[in-house]
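Topology and contacts: notes
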Amino acid sequence: MTYDAAVLTEERKTGHPGREREPVPPTRTMSGAEALAFSLVRGGVRVVFGYPGGAIMPVYDALLDYENELRHVLVRHEQGAIHAAQGYARVSGEPGVCLTTSGPGATNLITGIADAKMDSTPVVCITGQVVSAMLGSDAFQETDVLSVSAPVTKWSCKITRPEDIPAAVSKALYVARTGRPGPVLIDITKDAQFGTFEYRPVEHEHRIPGYEPRPRLDEDAVASACRLIDEARKPLVLVGQGVLLSGAQDELRHLVERAGLPFACTLLGLGALPARHPLYVGLLGMHGNYGPNIKTDECDLLLAVGMRFDDRVTGSLAKYARGARVVHVDIDASEIGKNVPAEVGIVADAKEALAALAEGVASASHDAWLAEFRACDEIERERVIEGDLFPGTPGIRMAEVIHRLSERTGGRATLVADVGQHQMAAARYYRFDEGNTLITSGGAGTMGFALPAAMGAVVARPDLPIVGVIGDGGFQMTLQELGAIVQEGIPVKAVILNNGYLGMVRQWQEMFFARRYSAIELKNPNFAQVAAAFGMDGRQVTERGELDAAIDEMMASEAAFLLEVVVEREENVFPMVPAGAGCSEIRLE
């Protein structure tokens, strides 16, 4: 199925004989429902993920007349719609859009909205609402979704008049994608959808009091930061997702290469520069690499770019980088000094700030300091990595599945990881050589994220090799989206790592609760057979010797494919910084 991107006023076909649409004149009468569809298309939206219901029916009726311009993907649960919109946004860089009815339809979005807020993902959520006259009456499927979602949205509004819809859609798209991206929500009463008004195309100017999406770069702060970088003997750059969101990869490369700065990435910053870069020293965080965790406490300078010093990166704040001066670059002023005090804070777009820093620093190298990271790499390889990738046990390990996937795809695939041990294995053992190649739920840690997010990512970029990496627990939270994948013909590739446990919880119970396993064992179906029941190709692997051929079969498939790999039941993910410990207290076993 193809979707014509022609200008709407030049497009008359609807896909329904006898219902051809007349060209839109400069002014004409239009319903609120049609105005919504028209405004989305005019704003560049080409795909909507949704689920219909009573309070949004007028919009769904209008969508029939816009099929050629606006593709609708029918999900199987509203949480699937928001996660699909997130995956779409993370791959395309454009806002993902989801559409639901009122009440439970709207509240089912909340987990995904919170996830998008924490991970700075631009999504536009459009919810139906009961008619205006019934607001506040506890009508059927009435929920005050604006109040429910207020803490986790960047902006939201309620529409009760049809003539307010075009401006609201334009503003929503603008707010979602600018500054620090995030989720927005428009709640539209049913009478506003039915109501009509005289539509006039208007170019909306968005001047929002107090909202400065692109802060002015403070040149004095840049000069101070450059001085600290030049003075440092043991610097480390902490690369967050903000580098990817601003498209600042080249500027980052210029800076680290000019000043000889070792750099490490947060979970969502992976792929900002290729893993093979000689100055790359690994993954930060609780299950990150040994070197950047140990050496954080030995740094004399931390340059943090587009990251928020999450607790999974810092461990105990009281013990974190006590000898380091801190330069923090972020587009969101509220992040500067929130968790870790910054000697220099630069509130700016990462691309602009990194370019200025690269021009202002002196050329330098830190070979002896970099060698200390490489010595840590050898310790980690000997004590952790060799056993993970080349185990002496018959059971397949998650790490080796990811390693083989990386080898068979040449490090060029985009992974969409769920949450748990498999997520950490994916982050550690896939060699990310291109930007935006790991899509996962970082801040919220939402199980069930990956399958619908992979669906949205493939819809956005069907030309890319995209693979979902999912645990058996998380998969069963949203596996109903296999129905949407098959019905829509979306060629999602999904690898299910099945250990029969809620693996990360089991690891913590083993390590910190004296192996008192409570409510973690899963009696699972054959997931390949579940996929087959939906009409999807699949294969189950239980032997190591089958793995490469199965991966090749999956990647060669032009259709959706589910690969279930039965892995070792009680595998643990190391290194690990225990909760409440400092980075230097990282455990290798």
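A short tour of the structure in this document, coming up. (Residues numbered from 1 in each chain as written. Predicted model: local features only at pLDDT ≥ 70, side-chain atom pairs only at ≥ 80, totals over all residues. Heavy atoms only, no water.)

**Regarding the nonpolar core**
Core analysis: the biggest nonpolar cluster contains 108 residues, and Ile-346, Leu-357 and Leu-415 have the highest contact counts within it. Here this core gets 7 residues from one element, more than from any other, and that element is helix 15 (residues 367–389). For Leu-415, the residues in contact, after removing those within four places along its chain, are Leu-405, Ala-426, Tyr-430, Phe-432, Thr-437, Leu-438, Ile-439, Val-467 and Val-469. In this structure, Val-145, Ile-490, Ala-494 and Ala-560 belong to the second largest nonpolar core, which totals 51 residues. (Core = buried A, V, L, I, M, F, W, Y, C linked by side-chain atoms within 4.5 Å. Buried < 20%, exposed > 50% of the residue type's maximum accessible area, 1.4 Å probe, protein only. Helix = DSSP H or I, 4+ residues; strand = E, 2+ residues; numbered from the N terminus. Contact = heavy atoms within 4.5 Å.)

**Concerning the environment of Leu-522**
Within the fold, Leu-522 resides in the loop between helix 21 (503–512) and helix 22 (527–533). Separated by 19 residues in sequence, Leu-522 and Gly-503 have C-alpha atoms that sit 10.0 Å apart. Among residues more than four places away in sequence, those in contact with Leu-522 are Asp-472, Gly-473, Gln-476, Gly-500, Tyr-501 and Leu-502.

**As for helix 21**
Those residues of helix 21 not exposed but buried are Gly-503, Met-504, Arg-506, Gln-507, Gln-509 and Met-511. Next to the buried residues of helix 21 lie helix 17 (421–429).

**A look at the pattern of salt bridges**
The full count for this structure, using the stated rule, is 38 salt bridges. The residue Arg-397 makes a salt bridge to Glu-571 at a minimum N-O spacing of 3.9 Å. Highlighted residues: Arg-397 in the loop between helix 15 and helix 16 (398–409) and Glu-571 in the segment after strand 20 (561–566), separated in sequence by 174 residues. According to the relative accessible area criterion, Arg-397 is buried, its value standing at 13%. Through salt bridges with shared partners, one network takes in Arg-180, Asp-332, Glu-335 and Lys-338. (Salt bridge = Lys/Arg side-chain N within 4 Å of Asp/Glu carboxyl O.)

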